[in-house]
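# Reading the structure
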Amino acid sequence: MENALVKTPLRKLRRRRIKRVWRLKLAWKSIKTRVKSHLPGFLVTKKHLLHIKSRKEEQDLSQVARRICKISNDSTKSLAFLLQLPKYSAADFLDRGDLMTPAASPRENISKMWRELHGSNNWENLLNPLHPWLRREVTKYGEFVESVYDSLDFDPLSEFCGSSRFNRNKLFEELGLTKHGYKVTKFIYAMSHVDVPQWFLSSSMGETWSKDSNWMGFVAVSGDRESLRIGRRDIVVAWRGTVTPTEWFMDLRTSKEPFDCKEEHGKNVVKVQSGFFSIYNSKSELTRYNKESASEQTMEEVKRLVNFFKDRGEVVSLTVTGHSLGGALALMNAYEAARDVPGLSGNVSVFSFGAPRVGNLAFKERLNSLGVKVLRVVNKQDIVPKLPGIVFNKVLNKINPITSRLNWVYRHVGTQLKLDVFSSPYVKRDSDLARSHNLEVYLHVLDGFHSKKSGFRVNARRDVASVNKSTDMLLDHLRIPECWYQVAHKGLILNKQTGRWVKPVRAPEDIPSPLSTGSKPIYSL
């Protein structure tokens, strides 16, 4: 009887312990799920959460909790919510020299897999989860496009507004892109030829530069060392998006123009949006920089490079990349290259960011038949990829198979990689959705993307501060200034001899010249 009285409380105690163990297991299961799918914040391991062995560790943990609550400004938030907070703080953006984590991931030899990375199998089994090699390659091409934005002179008071601030020989050196192993061989200029009022022009001093022409991008080619790593000689054409007012004016046009006169006429004629067509094909003998259209400039250089490297017995690919309007120009560029340059042998691919619809059903089907592989990177919150025809096109495509085959409806081409801006724990949840179209925001979210069901990658390396280059989307506690990327002192320098602030004179090699659009000697590669 006494033994029974002694054992009863022990049994109850064991039952209580078992219940607690199960509660801990259930709690840990939910926490583990959140930790795996989001940035872990300051609590990183199961050992940290369950094995607190000393009073000092308890104090440390309480300090961490208070720090998390301070950042969130709400001490009532659940632990699962707090674990989603970023691991970065303002102190992480202070310059600590070589002690800081590099912003670039190591680059592997992809020579045996480059065709799959460029869409030979339409990126099957590479997008969800996103293959790390593919992520780095797409990011590389995005950075080429970003370099056009970063070096574009868009100061309305500048006599060179609309041109590149650097010549092609030092463009990548000035912007820190020599790491990619490519050399720029030619600059591309395009026209937005339309009669507009004087106040609508991009520069108040346009007479000294160009009224209609603007620098739109470049042609580059991989060097010998990079070509060995990637398994072929890669020619890149990078197109920037809409910047100048006349380009915006052309973007707003919704009518279509015939694009390929060599193809069928009538109902199956290949057509593209008239504004994109105008920018890509306009030229005038009265201009200094567009006696040849952007199309002619690009195709001339691509053919030259392809012929040179094919004669050396090398495998050559063409990768066309662009953002926004540049994504539309990239599709037309790839179409022409696949049709007119047999030396490419079907090795033509497009990586676009936030690109709109470009052409009709005939354009889509002809592009597919030419073997052009297209990967469209799209932010869920970005409205531009839904244009033209944000409502009308979507409804017609879903009504029935008959209306979805209408040739006059705008079509997207290729495979889509869909991202979510708010998957990033560094972005304000009340951000202006128009900023989700920004290319740096695209590259930031792409760097953090792993799969549709997982959250932002813990080991994402790309510099978070780049998001605020031309936006204000980063969380305030990171203390990164909004729209921080600009020329020092807005282009003025101090003349120390006179004590005056003056506008510097451009170096002769950086002054835009019609001759500078010519090709770079290939032997220097």
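Analysis parameters
Residues numbered from 1 in each chain as written. Predicted model: local features only at pLDDT ≥ 70, side-chain atom pairs only at ≥ 80, totals over all residues. Heavy atoms only, no water. Helix = DSSP H or I, 4+ residues; strand = E, 2+ residues; numbered from the N terminus. Contact = heavy atoms within 4.5 Å. Patch = residues over 30% accessible without salt bridge, like charges linked within 9 Å, V, L, I, M, F, W, Y side chains within 5 Å. Areas by Shrake-Rupley, 256 points an atom, 1.4 Å probe, with all protein chains shown as cover. Salt bridge = Lys/Arg side-chain N within 4 Å of Asp/Glu carboxyl O. Buried < 20%, exposed > 50% of the residue type's maximum accessible area, 1.4 Å probe, protein only. Polar contact = N/O pair within 3.5 Å; in protein donor to acceptor, adjacent residues only side chain to side chain. Axes fitted to C-alpha atoms, helices over the stretch in contact; angles between N-to-C directions. Parallel < 35°, antiparallel > 145°, perpendicular 65-115°, else oblique. Left-handed = near helix turned anticlockwise from the far one by under 90°. Nonpolar A, V, L, I, M, F, W, Y, C, P; charged D, E, K, R; others polar. Pairing = 2+ DSSP bridges. Phe/Tyr/Trp six-rings, centres within 6.5 Å; stacked < 30°, edge-to-face > 60°. Lys NZ or Arg CZ within 6 Å of the ring centre and 35° of its normal. Core = buried A, V, L, I, M, F, W, Y, C linked by side-chain atoms within 4.5 Å. pLDDT = per-residue confidence, 0-100. Right-handed = clockwise from strand over helix to strand, strands pointing away.

### Let's talk about the environment of Thr298
- With respect to the secondary-structure elements, Thr298 resides in helix α11 (residues 294–311).
- What Thr298 contacts, discounting residues up to four positions off in sequence, is Ile188, Val219, Val237, Trp239 and Asn333.

### Quick notes on a nonpolar patch on the surface
- There is a patch of nonpolar side chains on the surface, built from Leu492, Leu494 and Trp501 and spanning about 280 Å² of accessible area.
- Following the sequence through the fold, Leu492 ends up in the loop between α15 (439–448) and β10 (493–495).
- Here Leu492 falls in the partly exposed class, since its relative accessible area comes to 32%.

### Focus on the environment of Ser470
- When you line up the elements, Ser470 lands in the loop between α15 and β10.
- A residue is classified by how much of its surface remains accessible, and Ser470, at 34% relative accessible area, is partly exposed.
- Sequence separation of Ser470 and Arg435 is 35 residues, and the distance between their C-alpha atoms is 8.8 Å.
- A polar contact is formed between the side chain of Ser470 and the side chain of Asn438, at a distance of 2.7 Å.

### So, the packing of helix α6 (residues 132–151) against α15
- Contact geometry for α6 and α15: axes closest at 10 Å, N-to-C directions at 165°. By the angle class used here, α6 and α15 are roughly antiparallel. Between α6 and α15 the crossing geometry is left-handed. Taking contact as the criterion, the partners of Arg135, Val138, Thr139, Gly142, Glu143, Val145, Glu146 and Tyr149 in α6 are, on α15, Leu439, Glu440, Leu443, Leu446 and Asp447.
- Taken together, the residues that form the contact of α6 with α15 break down as six nonpolar, two polar and five charged.

### Digging into the sheet that holds strand β8 (residues 373–379)
- The mixed open sheet is built from seven strands, whose spatial order is β1-β2-β3-β6-β7-β8-β9. Looking along the sheet, the strands with just one partner apiece sit at the ends: β1 (182–191) and β9 (415–419). Each strand of the sheet is rotated relative to its neighbour by a mean of 15°, with strand direction disregarded.
- In the sheet, β8 pairs with β9 via five bridges, with the strands oriented parallel. Paired with Arg376 across the strands is Gln416, a residue of β9.
- Against the sheet, α6 engages β1, β2 (213–222), β3 (233–239), β6 (316–323), β7 (348–353) and β8, with an angle of about 145° to β2.
- α15 rests against β6, β7, β8 and β9 of the sheet, and its axis sits at about 100° to β8.

### Some words on the packing of aromatic side chains
- Applying the stated criterion to the full structure yields 17 aromatic pairs.
- Their ring planes at 85° and their centres at 6.4 Å tell us that Phe259 and Phe277 sit as a pair that is edge-to-face. Of this pair, Phe259 sits in the loop between β4 (256–258) and β5 (271–273) while Phe277 sits in helix α10 (residues 274–281), placing them 18 residues apart in sequence.
- Aromatic rings pair up to connect Trp123, Tyr141, Phe144, Phe172, Tyr182, Phe218 and Phe351 into one cluster.
- When the ring centre of Tyr410 is taken as origin, the NZ or CZ atom of Lys256, which lies over that ring, is 4.0 Å away.
- The ring centre of Tyr485 lies 5.0 Å from the NZ or CZ of Lys469, which sits over that ring.

### So, the nonpolar core
- Judged by nonpolar contacts, the single largest core of 54 residues is most densely connected at Leu134, Phe218 and Leu417.
- Excluding anything up to four places from it in sequence, Leu417 contacts Leu127, Leu130, Leu375, Arg376, Val377, Val378, Leu446 and Phe449.
- Core analysis: the second largest hydrophobic core is formed by 44 residues, Leu305, Leu318, Val320 and Ala337 among them.

### Observations concerning the packing of helix α12 (residues 325–340) against helix α13 (residues 361–369)
- Packing of α12 against α13 leaves a shortest axis separation of 10 Å and a crossing angle of 50°. Classified by the angle between their axes, α12 and α13 sit oblique to one another. In this structure, the crossing between α12 and α13 has a hand that is left-handed. Contacts from Leu331, Tyr335 and Arg339 in α12 reach Phe363, Arg366 and Leu367 in α13.
- Tallied by class, residues from the contact of α12 with α13 come to four nonpolar, no polar and two charged.

### A short note on the confidence of the model for the protein chain
- When pLDDT is averaged along the protein chain, the result is 79, and 67% of the positions lie at 70 or above.
- Long-range and interchain partners of residues 35–54, a stretch whose pLDDT sits below 50, account for 45 contacts in this model, where long-range means more than four residues apart.
- Taken as a whole, residues 194–206 scores under 50 in pLDDT and shows 26 contacts with residues more than four places along the chain or in a different chain.

### Points about the side chain of Arg232
- Along the chain, Arg232 falls in the loop between α8 (224–230) and β3.
- The buried category is assigned to Arg232, whose relative accessible area is 3%.
- A polar contact of 3.5 Å, which involves the side chain of Arg232, links it to the side chain of Tyr141.
- With residues near it in sequence (within four places) discarded, Arg232 still touches Trp114, His118, Tyr141, Ser222, Ser227, Val315, Ser317 and Thr319.

### Examining the pairing of β6
- Burial analysis of β6 places eight of its eight residues in the buried class, which makes it a mostly covered element.
- The two faces of β6 match: Val316, Leu318, Val320 and Gly322 on one face and Ser317, Thr319, Thr321 and His323 on the other face are all buried.
- Pairing geometry for β3 and β6, over seven bridges, is parallel. When the sheet's bridge partners are listed, Val236 is paired in β6 with Thr319.
- In terms of strand pairing, β6 meets β7 through six bridges, oriented parallel. By the bridge assignment, His323 is partnered in β7 with Phe353.
- Tracing the backbone out of β6, into α12 and back to the parallel element β7 gives a crossover that is right-handed.

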